[in-house]
Amino acid sequence: MGVSAEDIAEDIRNALPGTEEIIIQYLSGYLLDLDDAAEDEDVLQVTRDILDSAIGSSSSLAKKGDLDGLVERLAEQLKEPLTRREEKNRAGRGTGLVRLDKVMDLSKANVISSTIAFTEGVDLESINKGKASRVDVKKLEKQEAKLRAKIEKRSKRTVLYEGSKLLDQHKKQQTYEEMFMKINPLDAAAASKNKSKDIHLNSIDVNFGSNRILSGASLTLAYGRRYGIIGRNGVGKSTLLRHIAMREVPIPPHITILFVEQEIVGDDTPAIESVLKADVWRDTLLREEAALNAKLAELEGEGDDKRFEDAREEASTRLAEVHARLAEMEAESGPARAAALLAGLGFSEEDQQRPTKSFSGGWRMRLALARALFVKPALLLLDEPSNHIDLNALAWLEDYLQTWPGTLLVVSHDRAFLDAVATDIIHMHSGRLDYYKGNFTQFYSTKSERDRNLRKEYETQMEYRKHLQAFIDRWRYNANRAAQAQSKIKILEKLPELQPPEVEETETFKFPETEKISPPVLQLNEASFGYTPDKVLLKGINIDVGLDSRIAVVGPNGAGKSTLIKLLTGELKPLAGHVSQNGRLRIGYFAQHHVDNLIPNMSPVQFLASKFPGKTEQEYRGHLGNFQISGMTGLQQIGTLSGGQKSRVAFAMLSLQRPHVLLLDEPTNHLDIEGLDALMTALSSWNGGVILISHDERFITKVAKELWVCADGTVSKFKGDVQAYKSLIVSNIKAKP
């Protein structure tokens, strides 16, 4: 009976407990697939080396003995495949000749291995401080290069190889300050004087593991322009931003870059101090200024000895340079600027003094955004900034970014945001970047016109070719017309190869029709709620939800919008007043953090089966197809899906409840533009009631018939549209001193 990957993995776990799981999984696969190993590669020695680096050079003799015993057992278990491999290699060496799979032009091929110089390991314990991996990075990189090559051979399998998490972890073991100074050295500002900050890269390739995201694409960013990147979920927009942020795309070194992607790590630093420290250049120069002043004060007490005079002169000269740099970056105005940014993003004066660890994830994302805006890099990269802020903060951010002095590159699926902010649109698709002048509405109009023209040109060309072919077929063997037919053949052969225009993919979502139930369907009557009786959040709320209701609730974060939804679902009970529900009412609730309700190690099909058992796999897959989770995607682990795909799984689960009323808390987060259009269409044609919380202006305008504002402990109907509400918010913020 043959040995399995699980047998090998279990043997490694038992022999060397504590070995990192990714190493175990890698080795079990490597040892079972010996055909792709190099001919002269000693697979057992490679296994020993990797495990030896994993357990560390400082491990006890007992551990080394366990390793020796493990390798001996593996040799015994794999005796048969190893013997076959050796016989095969001997047969190949016996001829002295090896037949290549394809012809190689050595004058053009890069025949020298990029890993040939790797002869020694790297002791990570001497490089990384704190909790560092003990894996030999160079050996791991070498093995991963082989694994990537092996996977690229298996072109028929759609397996995406994502490099080792251990290598990612090794790269991440840097503080924000270290990373900032690495990406933006302190001398970059001086180097940028009299230099253009435009970016023009003619041909760039961007990969994610073995997946090619961009191929020979042109990246052109004019300084001072604001670019919105759009494209389908999974096309690689965020990956492109990360490559730019890490300078893996060759951005000129004098151009400073900052990427807002992750929330900040919470600690005891006050929020406003956290924003001030985000400008590492300013913080470094201020610390140097303090050190130089202290040094000068100390030197003042020394005598007139020449060495003290020289030291004073040197310190004074450097201090003058530091003062000039600080004045250039307007360091004195830092606290006022930081406070204004935080206020615009919804932080009260009290909040600005609170430690960062006291804020939730959404508020920490706002802090990360405030920090980036404070730094004012030449190139600011934002990834879905509207996902983490309410409509009030979004209105302020749109207004603020319209006067952004540098280059802005933002990934967003919010059409209204892109209309307000973007001066240019970059459409990312098919491994390339297409550029359009204007905001999203102008892009959509231009692209639609361009697509129509391309289709018309293609159809005309095809008709011409068809006409030529018909003439050739008719007269090719006619003696009188043979010469003409031959002429037409030559014309046809010289015509360039014609590619059909790309067909724009469309999506559809489908919610099941709901049966009628008699009113009242769902009501709040004089309801009040507070998490403690002495601190009431909502007071005297009256709201009536019917099957024809289309209500959008807006307001600042923390005002109680999500609490209102939870009162309607029955998850929270009011302190006063009461909630009335029809006895047959079924409510579908889409939570803002719906991902927390999904099980990452299940596939979408398994997840639906666990929540709503009794159907066949094909029925579950068909239902997921109603929300564009089709093909193999329905069988992937949920943890590997994109944010937009996870949202689609959540909507598929909601529809299986066959709800009468949908309560949607920020449903547009993570959905791409096509998914958002599909959701709007589905909700507009559905015959149940909808209450939604959203920051997306277009979504609210298309779906909602009523706009309610949650603020100051009340929920009241707003007499106006979303645009009027946003204008009111911005004017109120600007009116504050």
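Just above sits the structure.
The model shown is predicted, which means the values in this text are computed figures rather than measured ones. (Residues numbered from 1 in each chain as written. Predicted model: local features only at pLDDT ≥ 70, side-chain atom pairs only at ≥ 80, totals over all residues. Heavy atoms only, no water.)

*Asks:* Describe in detail helix α15 (residues 334-344), supporting the description with residues and values.
*Replies:* Buried within α15 are the following residues: Gly 334, Ala 338, Leu 341, Leu 342 and Gly 344. Down the axis of α15, the buried set is contained in an arc of 160°. They therefore lie on one face. Immediately beyond the C-terminal end of α15, within one or two residues, lies Gly 346, with a positive phi of roughly 100°. (Buried < 20%, exposed > 50% of the residue type's maximum accessible area, 1.4 Å probe, protein only. Helix = DSSP H or I, 4+ residues; strand = E, 2+ residues; numbered from the N terminus. Arc of directions from axis to C-beta.)

*Asks:* Talk me through the nonpolar core; I want residue IDs and the actual numbers.
*Replies:* Core analysis: the biggest nonpolar cluster contains 104 residues, and Leu 373, Leu 401, Phe 511, Phe 651, Leu 664 and Leu 683 have the highest contact counts within it. For this core, the element with the most residues is helix α17 (residues 361-375), which contributes ten residues. Apart from residues no more than four positions distant in its own chain, Leu 401 is found in contact with Arg 226, Leu 373, Leu 382, Leu 408, Phe 417 and Val 421. If you look at the next biggest cluster of nonpolar residues, it comprises 30 residues, including Leu 201, Ile 229, Ile 244 and Leu 409. (Core = buried A, V, L, I, M, F, W, Y, C linked by side-chain atoms within 4.5 Å. Contact = heavy atoms within 4.5 Å.)

*Asks:* Let's hear about the packing of aromatic side chains: which residues, and what values?
*Replies:* Two measures describe an aromatic ring pair: the distance that separates the ring centres and the angle between the ring planes. By the definition in use, this model includes 15 aromatic pairs. An angle of 75° between the planes, with centres 5.4 Å apart, marks the rings of Phe 347 and Phe 359 as edge-to-face. On the criterion of sequence distance, the pair formed by Phe 347 in the loop between α15 and α16 (349-352) and Phe 359 in the loop between α16 and α17 is long-range, its members being twelve residues apart. Aromatic pair Phe 509 and Phe 627: ring centres 5.3 Å apart, planes at 55°, arrangement tilted. Taken together, the residues Phe 509 in the loop between α21 (482-494) and β9 (522-529) and Phe 627 in the loop between α24 (617-625) and α25 (643-656) connect sequence positions 118 residues apart. In textbook terms, an aromatic cluster arises when at least three aromatic residues are bridged by ring pairs, as seen for Phe 509, Phe 511, Phe 590, Phe 627, Phe 651 and Trp 686. Over the face of the ring belonging to Phe 359 we find Arg 354, whose NZ or CZ atom lies 4.2 Å from the ring centre. Of note, Arg 415 hangs over the ring of Tyr 444, and the distance from its end group to the ring centre comes to 5.3 Å. (Phe/Tyr/Trp six-rings, centres within 6.5 Å; stacked < 30°, edge-to-face > 60°. Lys NZ or Arg CZ within 6 Å of the ring centre and 35° of its normal.)

*Asks:* Residues and numbers for unusual backbone geometry, please.
*Replies:* Across the junction of Pro 519 and Pro 520, the peptide omega takes the value -5°, indicating a cis bond. Along the chain, Pro 520 turns up in the loop between α21 and β9. A positive phi angle, close to 50°, is found at Glu 666, a residue other than glycine. Among the secondary structure elements, Glu 666 is positioned in the loop between β14 (661-665) and α26 (673-685).

*Asks:* So what's going on with the sheet that holds strand β10 (residues 538-545)? Which residues, and what values?
*Replies:* Paired through backbone hydrogen bonds, the strands of a sheet run either parallel or antiparallel to each other. Judged by pairing direction, the sheet is antiparallel, and its three strands sit side by side in the order β10-β9-β12 without closing on themselves. The open sheet has two edge strands, β10 and β12 (576-581), and neither has a second partner. Averaged over neighbouring strand pairs, the angle between their axes works out to 10° when direction is ignored. Where β9 and β10 come together, five bridges link them in antiparallel fashion. When the bridges of β10 are listed, Leu 522 appears paired with Val 545. Where helix α22 (residues 561-569) meets the sheet, its contacts fall on β9, β10 and β12, and the angle it forms with β9 comes to roughly 125°. (Pairing = 2+ DSSP bridges. Axes fitted to C-alpha atoms, helices over the stretch in contact; angles between N-to-C directions.)

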